[in-house]
Amino acid sequence: MTKLPTETQKKLGLVIDLDTCVGCHGCVTACKGWNTQNYGAPLSDVDAYGADPEGTFLNRVFNYEIAPHDGGPSQTVHFPKSCLHCEDAPCVTVCPTGASYKRVSDGIVLVNEDRCMGCGLCAWACPYGARELDAVAGVMKKCTLCVDRIYNENLPEEDRVPACVRTCPAGARHFGDLGDPDSEVSKLVAERGGIDLMPEQGTKPVNKYLPPRPRDTLDKTPPAALETVAEEATGFLAWLDKALERL
Amino acid sequence: MHPAPSVIIFTALSGLGFGLFMWLGLGAPDVYGMQAFGMFFIAYAFAVGGLLASVFHLANKKNAIYSFSQWQTSWLSREGVLSVITLLVFAVFAIGRIFVGVSLDFFGYAGSALALLTVFSTSMIYTQLKTVPRWNMPLTPVLFLLYAISGGALLSMQPRVAGVLIVVLSALQWAGWMMGDARFAQTGTTKGTATGLADRGRVRMFESAHTARNYVLDEMAYRIGRKHAQKLRLIAITLIGVVPALLLLVAPPSMPLAIVALVLHLAGLLTARWLFFAEAEHVVTTYYAHD
Ligand code: SF4
Ligand code: SF4
Ligand code: SF4
């Protein structure tokens, strides 16, 4: 139900490495594929090949540019974003039907599609844009942390991780129990200084982001820019320029 | 936020309906028989009409019945439960006044309190959202309640009371717009906090995650130009308060003038409600904005 558990036995979630993510959108595609063929209503596309395409995705990759305050060269950061399975999930408590809930056993935030009435209030309550109402099914879709993979004994053991984690060619996505300080993911977060998104919203996200490592710096000054050869055209080119302008 | 007609009509009409109920429960105006029938008919039409409009907002209407279940945590659920209870309590009161000629005061007073609580829960659906800073302030419920009781006073043909109330309402609405303008900055949310990269430099959008629109953009990234909004605010405040107040408080009391005031007020209310949604910025837009 929509009352949040005071404590969950585990805090399963993702750790996303902004240093190694190459922005290939492989996780986006793997997520869409798995979640269209498995648990719940498929993630629909509307007018997919038309002028105004629209589709439901549970994970999307943004690209940002950081211009350092010291004026150094800018840096591009690929930024995957999916549900952060917040401890204080505002999307759960606002839900009037009891469709949204957070599991006590592992902390995963899910939507029971048989109860959802498609009011969209939970998507309004989420600061991260992690919920999308499916245009065809009329129910709220969100990252399930691939519940139908991680406990699935019909899959080979190495596949019992979220589809996005399994597919990432750069190893930028990690899955584990962030409630256990000795887990691999918790150690990674501690070592790399993992960050919360929009901490001021008070949602206490379980998912963490590993900030990009500092870039290498050159030990000598970079070569100066080439000298400008010609400011203004002269001779034939100048004549051509003027002639063309007059036309 | 996307100013969807269904939610604008829902909040505006149901607010007016419950506002009128509030006055009827207090016996103002003190009507019986056919006159009471007319008044209760209007109140039910607005309240039920508004609630029905809200159902059009649902993408999966067949599960709407479950929305009465989560009243312990959800304001939307509380709003549903309270509105049904209020309508039932007033059914008893209305039957007494219309058909029996008695005033069951207990039901009237209880109903009035419930009507106000219903409007309060409607306002809390929006006020509770920390993600929409413009709504997330104590003045939001105050305004919703004032809109309801002043509109209710207009509908119940109490020109003097309505006149005074809409003057207060107009002043507070203007203050609300001014305070709302500062809310987003007060939360401190920027692209830097949204990406967690603030301390590394100025974060800018390089490429969005998707070239096509999606649900998040459609619902939460509605933008209205500043100048445009300012003009609409002026229009809204003129219609909600300035002209109706002149008609009700300065001009000699007359039925046609009261009706003109009511019609103008309703147009102003719809404009203001449209602005309530159209002007509201959601923090998720920081992921999409260019700077
Ligand atoms: S990221 Fe959004 S949808 Fe996911 S738990 Fe947090 S608030 Fe809810
Ligand atoms: S859209 Fe569905 S899951 Fe979200 S708040 Fe409404 S009923 Fe609950
Ligand atoms: S955990 Fe599963 S549902 Fe969530 S983003 Fe990854 S692939 Fe998608």
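Rules and cut-offs
- Residues numbered from 1 in each chain as written.
- Chains lettered and ligands numbered in written order.
- Predicted model: local features only at pLDDT ≥ 70, side-chain atom pairs only at ≥ 80, totals over all residues.
- Heavy atoms only, no water.
- Helix = DSSP H or I, 4+ residues; strand = E, 2+ residues; numbered from the N terminus.
- Rg over C-alpha atoms; globule rule 2.2 N^0.38 Å.
- Buried < 20%, exposed > 50% of the residue type's maximum accessible area, 1.4 Å probe, protein only.
- Contact = heavy atoms within 4.5 Å.
- Areas by Shrake-Rupley, 256 points an atom, 1.4 Å probe, with all protein chains shown as cover.
- Lys, Arg positive; Asp, Glu negative; His and termini not counted.
- Charge placed at Lys NZ, Arg CZ, Asp CG, Glu CD.
- Buried area = accessible area lost by both parts, 1.4 Å probe.
- Salt bridge = Lys/Arg side-chain N within 4 Å of Asp/Glu carboxyl O.
- Polar contact = N/O pair within 3.5 Å; in protein donor to acceptor, adjacent residues only side chain to side chain.
- Nonpolar A, V, L, I, M, F, W, Y, C, P; charged D, E, K, R; others polar.
- Pairing = 2+ DSSP bridges.
- Near = heavy atom within 4 Å.
- pLDDT = per-residue confidence, 0-100.
- Axes fitted to C-alpha atoms, helices over the stretch in contact; angles between N-to-C directions.
- Expected span 1.5 Å × (residues − 1).

**Student:** Pulling in residues and values, what's your account of the overall build of chain A?
**Tutor:** Along the backbone of chain A there are seven helices and eleven strands. What you see for chain A is a C-alpha radius of gyration of 24 Å, clearly larger than the 18 Å of a compact globule of 247 residues, by over 25%. Overall, chain A is about 80 × 50 × 40 Å in size when its C-alpha atoms are taken along their principal axes. Sorting the 247 residues of chain A into buried and exposed places 52% on the buried side. In chain A, 60% of the contacts between residues at least 6 apart in sequence involve partners at least 24 apart. Here chain A has roughly 12300 Å² of accessible surface; of this, 54% comes from carbon and sulfur atoms. Averaged over its 25 positive side-chain charges, chain A has a centre that lies 5 Å from the centre of its 35 negative ones.

**Student:** Could you give me a rundown of the interface of chain A and chain B, with the residues and numbers involved?
**Tutor:** On the chain B side, the residues contacting the 61 residues of chain A number 62 residues. When the area that chain A buries against chain B is broken down by residue, the three leading residues are A:Tyr64, A:Met117 and A:Trp124, summing to 17%. Here chain A is connected to chain B by three salt bridges. A salt bridge links A:Glu54 to B:Arg213; the nearest nitrogen and oxygen atoms lie 3.7 Å apart. Counting every contact that joins chain A to chain B gives 27 residue pairs in polar contact (both at pLDDT 80 or more). In terms of residue count, the dominant contributor to the side of chain A that touches chain B is strand β4 (residues 59-67) of chain A (eight residues). Of the residues belonging to the side of chain A that touches chain B, the class tally is 33 nonpolar, 15 polar and 13 charged. Where β4(A) lies against strand β1 (residues 202-207) of chain B, five bridges are found, and the strand directions are antiparallel. Its bridge partner lying in β1(B), A:Glu65 is registered against B:Arg204.

**Student:** Describe the site of ligand 1, and please don't skip the residues or the numbers.
**Tutor:** Neighbouring ligand 1 are 13 residues, the closest being A:Cys83, A:Leu84, A:Cys86, A:Cys91 and A:Cys126. Tallied by class, residues from the shell around ligand 1 come to ten nonpolar, one polar and two charged.

**Student:** Explain the confidence of the model for chain B to me, and be specific about the residues and the numbers.
**Tutor:** All names here are of chain B. On average, residues of chain B score 95 in pLDDT, and 100% of them are at 70 or above. No element of chain B has a lower mean pLDDT than helix α9 (residues 226-250), at 93, and none a higher one than helix α4 (residues 105-127), at 98. Interface scoring of the predicted complex returns ipTM 0.94; its pTM is 0.92.

**Student:** Explain the site of ligand 2 to me, using residue names and the numbers behind them.
**Tutor:** Residues in contact with ligand 2, as listed here, are A:Cys95, A:Pro96, A:Thr97, A:Ala99, A:Ser100, A:Cys116, A:Met117, A:Gly118, A:Cys119, A:Gly120, A:Cys122 and A:Met140. Among the residues making up the shell around ligand 2, the classes are represented as eight nonpolar, four polar and no charged.

**Student:** Any details on the sheet that holds strand β11 (residues 208-210) of chain A? Residues and values, ideally.
**Tutor:** Residues and elements named next belong to chain A. Strand order across the open sheet formed by three strands is β10-β1-β11, with mixed pairing between neighbours. The open sheet terminates on both sides in strands that have one partner only, identified here as β10 (173-177) and β11. Taking each pair of neighbouring strands and ignoring which way they run, the sheet shows an average axis angle of 25°. One ladder, built from three bridges, connects strand β1 (residues 12-17) with β11; its direction is parallel. Bridge pairing links Asp17 to Leu210 in β11. Seen against the sheet, helix α6 (residues 184-192) touches β1, β10 and β11 and runs at an angle of roughly 120° to β10.

**Student:** Run through the pattern of salt bridges, naming residues and quoting values.
**Tutor:** Working definition: two side chains of opposite charge can pair if their charged atoms are close together. Residues and elements named next belong to chain A. For the coordinates displayed, the defined rule picks out 20 salt bridges over all chains. Note that Arg213 and Asp19 form a salt bridge whose closest N and O atoms lie 2.8 Å from each other. With Arg213 in the loop between β11 and α7 (235-246) and Asp19 in the loop between β1 and α1 (26-37), this residue pair connects regions lying 194 residues apart in the sequence. The exposure class of Arg213 is partly exposed, given its relative accessible area of 40%. Between Asp88 and Lys204 there is a salt bridge, and its shortest N-O distance comes to 3.8 Å. Within this pair, whereas Asp88 is found in the loop between β5 (75-82) and α2 (90-93), its partner Lys204 is found in the loop between α6 and β11, the two being separated by 116 residues in sequence.

**Student:** Please give an account of the sheet that holds β4(A) that cites residues and values.
**Tutor:** The strand order across the open sheet built from three strands is β5(A)-β4(A)-β1(B), with neighbouring strands paired in antiparallel fashion. The open sheet has two edge strands, β5 of chain A together with β1 of chain B, and neither has a second partner. Between one strand axis and the next, the sheet turns by 40° as a mean value, whatever way the strands run.

**Student:** Describe helix α3 (residues 75-100) of chain B, and please don't skip the residues or the numbers.
**Tutor:** Residue and element names in this part refer to chain B. A rise of 1.5 Å per residue sets the reference length of α3, with its 26 residues, at 38 Å; its end C-alpha atoms lie 36 Å apart and thus fit the reference within 8%. The opening residue of α3, the one whose side-chain oxygen lies 3.3 Å from the backbone nitrogen of Leu76, is Ser74. Gly101 sits one or two residues past α3 and shows a positive phi near 75°.

**Student:** Describe the environment of B:Leu20, and please don't skip the residues or the numbers.
**Tutor:** Residues and elements named next belong to chain B. Relative to the assigned elements, Leu20 resides in helix α1 (residues 5-25). Residues Leu20 and Leu155, spaced 135 residues apart in sequence, show a C-alpha to C-alpha distance of 6.5 Å. Look past the residues within four positions of Leu20 in its chain and what remains in contact with it is Met39, Ile42, Ala43, Gly152, Leu155 and Ser156.

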